[in-house]
Amino acid sequence: MDHEYWMKMAYREAERAYEQNEIPVGAIVVFENRIIGRGYNQVEMLTDPTAHAEMIAITAAVSTLGSKWLNGATLYVTLEPCSMCAGAMVLARFDALVFGAPDPKTGACGSIANIVQNDRLNHRLEVVGGVYQDYCSAILRDFFLKLRKSPRSEV
């Protein structure tokens, strides 16, 4: 299976976030050609600033494997991860990160910093960006357009 196939699975998680009026970011963890963790943004719903799609997917994945290490796993996420999520990926020892849309304001995997490939850290990931980018960017644009047009009580 290719990166676009798996990113479409992450995109489905982003659609779930969109339906919940959360910033539409979705993530999956793939290990040995199967999904072992899924997540979508739940920051508003859980009133938790750490409830990013990646963090939820990582928690599900380590629970599935029964290990804090995710060697051999790839994280697919629709938006370039922030510094918190990038740090968690390094700590979990993912092999690779594949993301859809870059995040020029908070992206910590190449845009404003590159935590996942920092030579001073004990682990580095392979990074592939821009997979299914048009769709991943479009759902975010649509969400924020809807947010700007709606009264605060509706979104």
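Residues numbered from 1 in each chain as written. Predicted model: local features only at pLDDT ≥ 70, side-chain atom pairs only at ≥ 80, totals over all residues. Heavy atoms only, no water.

A.B. asks: For the side chain of Thr78, give the residues involved together with the corresponding values.
C.D. replies: Its place among the elements puts Thr78 in strand β3 (residues 73-79). Under the relative-accessibility criterion, Thr78 is labelled buried at 1%. When residues no more than four places from it in sequence are discounted, the contact partners of Thr78 are Met7, Ala10, Tyr11, Ala14, Pro24, Val25, Gly26, Gly100, Ala101 and Cys136. (Helix = DSSP H or I, 4+ residues; strand = E, 2+ residues; numbered from the N terminus. Buried < 20%, exposed > 50% of the residue type's maximum accessible area, 1.4 Å probe, protein only. Contact = heavy atoms within 4.5 Å.)

A.B. asks: Can you tell me about the packing of aromatic side chains, naming the residues and giving the values?
C.D. replies: Evaluated as defined, the whole model comprises six aromatic pairs. Geometrically, the ring pair formed by Tyr11 and Tyr132 is edge-to-face, given 5.6 Å between the ring centres and 85° between the ring planes. Of this pair, Tyr11 sits in helix α1 (residues 3-19) while Tyr132 sits in the loop between β5 (126-128) and α5 (133-149), placing them 121 residues apart in sequence. Residue classification places Tyr132 among the buried positions, given a relative accessible area of 16%. Aromatic ring contacts, followed pair by pair, group Tyr11, Tyr132 and Tyr135 into a single cluster. The side chain of Arg93 reaches across the aromatic face of Trp69, ending 3.7 Å from its centre. Positioned above the aromatic ring of Tyr18 is the side chain of Lys146, whose terminal nitrogen or guanidinium carbon lies 4.5 Å from the ring centre. (Phe/Tyr/Trp six-rings, centres within 6.5 Å; stacked < 30°, edge-to-face > 60°. Lys NZ or Arg CZ within 6 Å of the ring centre and 35° of its normal.)

A.B. asks: For the pattern of salt bridges, give the residues involved together with the corresponding values.
C.D. replies: As enumerated under the stated definition, the model contains four salt bridges in all. Note that Glu4 is salt-bridged to Lys8, the shortest N-O span being 3.6 Å. Here Glu4 and its partner Lys8 are both found in helix α1, four residues apart, which amounts to about one turn of the helix. We note a salt bridge from Arg16 to Glu13, for which the minimum N-O separation is 3.4 Å. Of this pair, Arg16 and Glu13 both sit in helix α1, three residues apart, which is roughly one turn of the helix. Note on Arg16: relative accessible area 41%, which makes it partly exposed. (Salt bridge = Lys/Arg side-chain N within 4 Å of Asp/Glu carboxyl O.)

A.B. asks: Can you explain the sheet that holds strand β2 (residues 34-40)? Please cite residues and give values.
C.D. replies: Spatial ordering of the open sheet is given by β2-β1-β3-β4-β5, a layout of five strands whose pairing is mixed. On the outer flanks of this sheet lie β2 and β5, each paired with one strand and no other. Across the sheet, the mean angle from the axis of one strand to that of its neighbour is 15°, orientation sign disregarded. Sheet topology note: the β3/strand β4 (residues 96-101) ladder contains five bridges and is parallel. Bridging across to β4, Leu79 finds its partner in Ala101. (Pairing = 2+ DSSP bridges. Axes fitted to C-alpha atoms, helices over the stretch in contact; angles between N-to-C directions.)

A.B. asks: Explain the layout of surface pockets to me, and be specific about the residues and the numbers.
C.D. replies: When its volume is computed, the largest pocket comes out at roughly 720 Å³. Taken together, 30 residues line the largest pocket, and the ones lying closest to its centre are Ile23, Val25, Leu79, Leu140 and Phe144. Elements that contribute at least two residues to the lining of the largest pocket include exactly α2 (43-46) and α5. The greatest single-element share of the lining of the largest pocket, amounting to seven residues, is contributed by α5. Its residues placed into classes, the lining of the largest pocket shows 16 nonpolar, five polar and nine charged. (1 Å grid on protein atoms, 1.4 Å probe; cavity = no way out; pocket = protein on both sides within 12 Å on 5 of 7 lines; lining within 4 Å. Points joined across faces, edges and corners; volume = space filled by probe spheres on them. Nonpolar A, V, L, I, M, F, W, Y, C, P; charged D, E, K, R; others polar.)

A.B. asks: I'd like a description of the packing of α1 against α5, backed by residues and values.
C.D. replies: Running from N to C, α1 and α5 point in directions that differ by 5°, and their axes come no closer than 10 Å. When the axis of α1 is compared with that of α5, the two are roughly parallel. Residues Met7, Tyr11, Ala14, Glu15 and Tyr18 of α1 form the contact with α5, whose participating residues are Tyr135, Cys136, Ile139, Asp142, Phe143 and Lys146. Taken together, the residues of the contact of α1 with α5 break down into eight nonpolar, no polar and three charged. (Parallel < 35°, antiparallel > 145°, perpendicular 65-115°, else oblique.)

Note that every value here comes from positions in space, so none of it alone points to a role or purpose.
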